[in-house]
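Here is what each chain is made of, one letter per residue.
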Amino acid sequence: MGQRLSGGRSCLDVPGRLILQQPPPPPPVRRKLALLFAMLCVWLYMFLYSCAGSCAAAPGLLLLGSGSRASHPSPVLATAPDGTPPRLQFRAPPATPLAAGKEMAEGAASREERSPEAPDSPSPISSFFSGSGSKQLPQAIIIGVKKGGTRALLEFLRVHPDVRAVGAEPHFFDRSYDKGLAWYRDLMPRTLEGQITMEKTPSYFVTREAPARISAMSKHTKLIVVVRDPVTRAISDYTQTLSKRPDIPTFESLTFKNRTTGLIDTSWSAIQIGIYAKHLEHWLRHFPIRQMLFVSGERLISDPAGELGRVQDFLGLKRIITDKHFYFNKTKGFPCLKKAEGSSRPHCLGKTKGRTHPEIDREVVRRLREFYRPFNLKFYQMTGHDFGWD
């Protein structure tokens, strides 16, 4: 008679010996299912690892009318290096109403720079991969210029899977340099091997200390400058300030030191930023021209894929961003993305972009073009590129 042993095995009585009976082998179908499940697990792991680079901690793109705003902590008064208690800075009252208007305009522009458009909160997938990779100092920086198209360029570049960029402007090399490189690095998104870390702060281009500071971080940093017709740029700059402070003086009164003599007021930042040749001289003392790429703000609107092709080549990236990524938005007046990073929805820049410019006196525009012409020609010679503004 057969007997049941512990462990579920059975034995048979055979004269002179006891024979253990092994359990029957699992059916072939069960083995195949187990193998298939194991392969599925391996494939899923490899897929998630490969997409970590494009889904990691980078902020999502800002969709029109949506997105969360980054919170800004209250300013802290820093103690001086010699131990002197912190003191508030007071400015002397302006001498004339026009000077007061200029200060109002500069203050409104400064406040908008300190409150840049913040990206959307990261998606659940992005949060899942937030621990992937490591934080690196940027290998490429968009250094300018304000109202030239820097936000559009950054948003377009973030579609590329090998580009990881911080959303808000860090303003490290102009306002927060005393916080140190460790603080700056911590602002950056995590990257995987082969990916490029980027940031953009347009005010770097006109900051005298920025070239030396960036060179001290790395002499090999690639620099991108988005430039635009300086007259149109100045009007766009003024329009942005006007939207914040409707009570500022007119563009015409801010443009001239003396309207009768036609003397241009180059102390007004809206005018000063557009003297590109003057600012570029400071950068060329620390970086060779081959390490800088000058992007046309006009072509970024008329041929975004063409300009993005140049940028991808300059950064050593495969040309992935092409015509198929864009459509022209007639309402906004500039190209938008068919699909934003990590989204299936179209994406245009927010309502602060593409504002309608006020009507400016033609004589003022003509005088400004005459003022900028020699600086533009010098800039063409320095960069080896005619941007066609004259």
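What counts as what
- Residues numbered from 1 in each chain as written.
- Predicted model: local features only at pLDDT ≥ 70, side-chain atom pairs only at ≥ 80, totals over all residues.
- Heavy atoms only, no water.
- Pairing = 2+ DSSP bridges.
- Helix = DSSP H or I, 4+ residues; strand = E, 2+ residues; numbered from the N terminus.
- Axes fitted to C-alpha atoms, helices over the stretch in contact; angles between N-to-C directions.
- Contact = heavy atoms within 4.5 Å.
- Core = buried A, V, L, I, M, F, W, Y, C linked by side-chain atoms within 4.5 Å.
- Buried < 20%, exposed > 50% of the residue type's maximum accessible area, 1.4 Å probe, protein only.
- Expected span 1.5 Å × (residues − 1).
- Bend = angle between axes of the 7 residues up to and from the residue.
- Polar contact = N/O pair within 3.5 Å; in protein donor to acceptor, adjacent residues only side chain to side chain.
- Patch = residues over 30% accessible without salt bridge, like charges linked within 9 Å, V, L, I, M, F, W, Y side chains within 5 Å.
- Areas by Shrake-Rupley, 256 points an atom, 1.4 Å probe, with all protein chains shown as cover.
- Salt bridge = Lys/Arg side-chain N within 4 Å of Asp/Glu carboxyl O.
- Disulfide = S-S within 2.5 Å.
- Parallel < 35°, antiparallel > 145°, perpendicular 65-115°, else oblique.
- Nonpolar A, V, L, I, M, F, W, Y, C, P; charged D, E, K, R; others polar.
- pLDDT = per-residue confidence, 0-100.

1. With respect to the sheet that holds strand β8 (residues 196-200)
Item 1. Here we have five strands laid out as an open sheet, ordered β6-β8-β5-β9-β12, and parallel in their pairing. On the outer flanks of this sheet lie β6 (163-165) and β12 (292-296), each paired with one strand and no other. Neighbour-to-neighbour, the strand axes of the sheet open up by a mean angle of 25 degrees, direction not taken into account.
Item 2. The pairing of strand β5 (residues 140-144) with strand β9 (residues 222-227) spans four bridges and is parallel. If you follow I142 over to β9, its bridge partner there is I224.
Item 3. Contacting β9 and β12, helix α12 (residues 304-314) runs over the sheet at an angle of about 170 degrees to β12.

2. Comments concerning the nonpolar core
Item 1. With 29 residues, the main nonpolar core has I143, F173, Y204, I214, W283 and F379 as its most contacted residues.
Item 2. Secondary structure elements with two or more residues in this core: β5, α6 (210-217), β9, α10 (276-284), β12 and α13 (362-383).
Item 3. Top contributing element to this core by residue count: α10, with four residues.
Item 4. Excluding anything up to four places from it in sequence, F173 contacts I141, Y184, E199, Y204, T207, A210, R213, I214 and M217.

3. Quick notes on α13
Item 1. Under the 1.5 Å per step criterion, the end-to-end length of α13 is 29 Å for 22 residues, consistent within 8% with the ideal 32 Å.
Item 2. Where α13 bends most, at R373, the angle is about 40 degrees, and the proline P374 comes one to four residues later.
Item 3. The N-capping residue of α13, defined by a side-chain oxygen 2.8 Å from the backbone nitrogen of E363, is D361.

4. A look at the pairing of β12
Here is the key point about a regular strand: its side chains alternate between the two faces of the sheet.
Item 1. Burial analysis of β12 places five of its five residues in the buried class, which makes it a mostly covered element.
Item 2. The two faces of β12 match: M292, F294 and S296 on one face and L293 and V295 on the other face are all buried.
Item 3. Sheet analysis places β9 next to β12, joined by five bridges and oriented parallel. If you follow V227 over to β12, its bridge partner there is S296.

5. Considering unusual backbone geometry
Item 1. Put simply, G144 and V145 share a cis peptide bond, and its omega is -5 degrees.
Item 2. Positionally, V145 belongs in the loop between β5 and α4 (150-157).
Item 3. Within the chain, K147 stands out as a residue other than glycine whose phi angle is a positive 60 degrees.
Item 4. Mapped onto the elements, K147 comes out in the loop between β5 and α4.
Item 5. Unusually for a residue other than glycine, H171 sits at a positive phi of about 50 degrees.
Item 6. By the element assignment, H171 lies in the loop between β6 and α5 (181-187).

6. A closer look at a nonpolar patch on the surface
Item 1. A grouping of L40, W43 and L44 is seen on the molecular surface, where their side chains present a nonpolar patch of about 340 Å² in accessible area.
Item 2. Tracing the backbone through its elements, the reader meets W43 in helix α1 (residues 28-55).

7. Digging into the state of the cysteines
Item 1. Enumeration according to the criterion identifies one disulfide in this entry.
Item 2. Paired by a disulfide, C336 and C348 hold their sulfur atoms 1.7 Å apart. The sign of the 100 degrees torsion about the S-S bond sets the C336-C348 disulfide as right-handed. Taken together, the residues C336 in strand β14 (residues 334-337) and C348 in the loop between β14 and α13 connect sequence positions twelve residues apart.

8. Things to note about the pattern of salt bridges
Item 1. Counted according to the given criterion, the structure contains 17 salt bridges.
Item 2. Across the pair E155 and R158 runs a salt bridge, and its minimum N-O distance is 3.4 Å. Across the pair, R158 and E155 agree in class, each one buried.
Item 3. One salt bridge in this structure joins E363 and R366, with 2.4 Å as the shortest N-O distance. In this pair, E363 and R366 are both assigned in helix α13, three residues apart and thus about one turn of the helix distant.
Item 4. With a relative accessible area of 41%, E363 lands in the partly exposed category.
Item 5. Each of R299, D303, E307 and R310 takes part in a single network of salt bridges with overlapping partners.

9. Here we look at the packing of α4 against α12
Item 1. Closest axis-to-axis distance for the α4/α12 pair is 11 Å, and the angle between their directions is 75 degrees. One way to sum up the angle between α4 and α12 is to call them roughly perpendicular. Across the interface between the two elements, L153, F156 and L157 of α4 pack against P304, L308 and V311 of α12.
Item 2. For the contact of α4 with α12, the class distribution of residues is six nonpolar, no polar and no charged.

10. Focus on helix α7 (residues 230-244)
Item 1. Given a rise of 1.5 Å per residue, 15 residues ought to cover 21 Å, and the 22 Å separating the end C-alpha atoms of α7 matches this to within 8%.
Item 2. Within α7, eleven of the 15 residues are buried, which leaves the element mostly enclosed by the surrounding structure.
Item 3. Taken as a whole, α7 has its buried residues at P230, V231, R233, A234, I235, S236, D237, Y238, T239, Q240 and T241.
Item 4. Taking the backbone nitrogen of V231 as reference, a side-chain oxygen 3.0 Å away marks D229 as the first, capping residue of α7.

11. Description of the confidence of the model for the protein
Item 1. Looking at the protein as a whole, the pLDDT averages 79, with 66% of positions reaching at least 70.
Item 2. Within the model, the stretch residues 1-14 combines pLDDT values under 50 with 24 contacts to residues more than four positions away or in other chains.
Item 3. Here residues 52-93 scores under 50 on pLDDT; set against residues more than four positions off or in separate chains, the count is 78 contacts.

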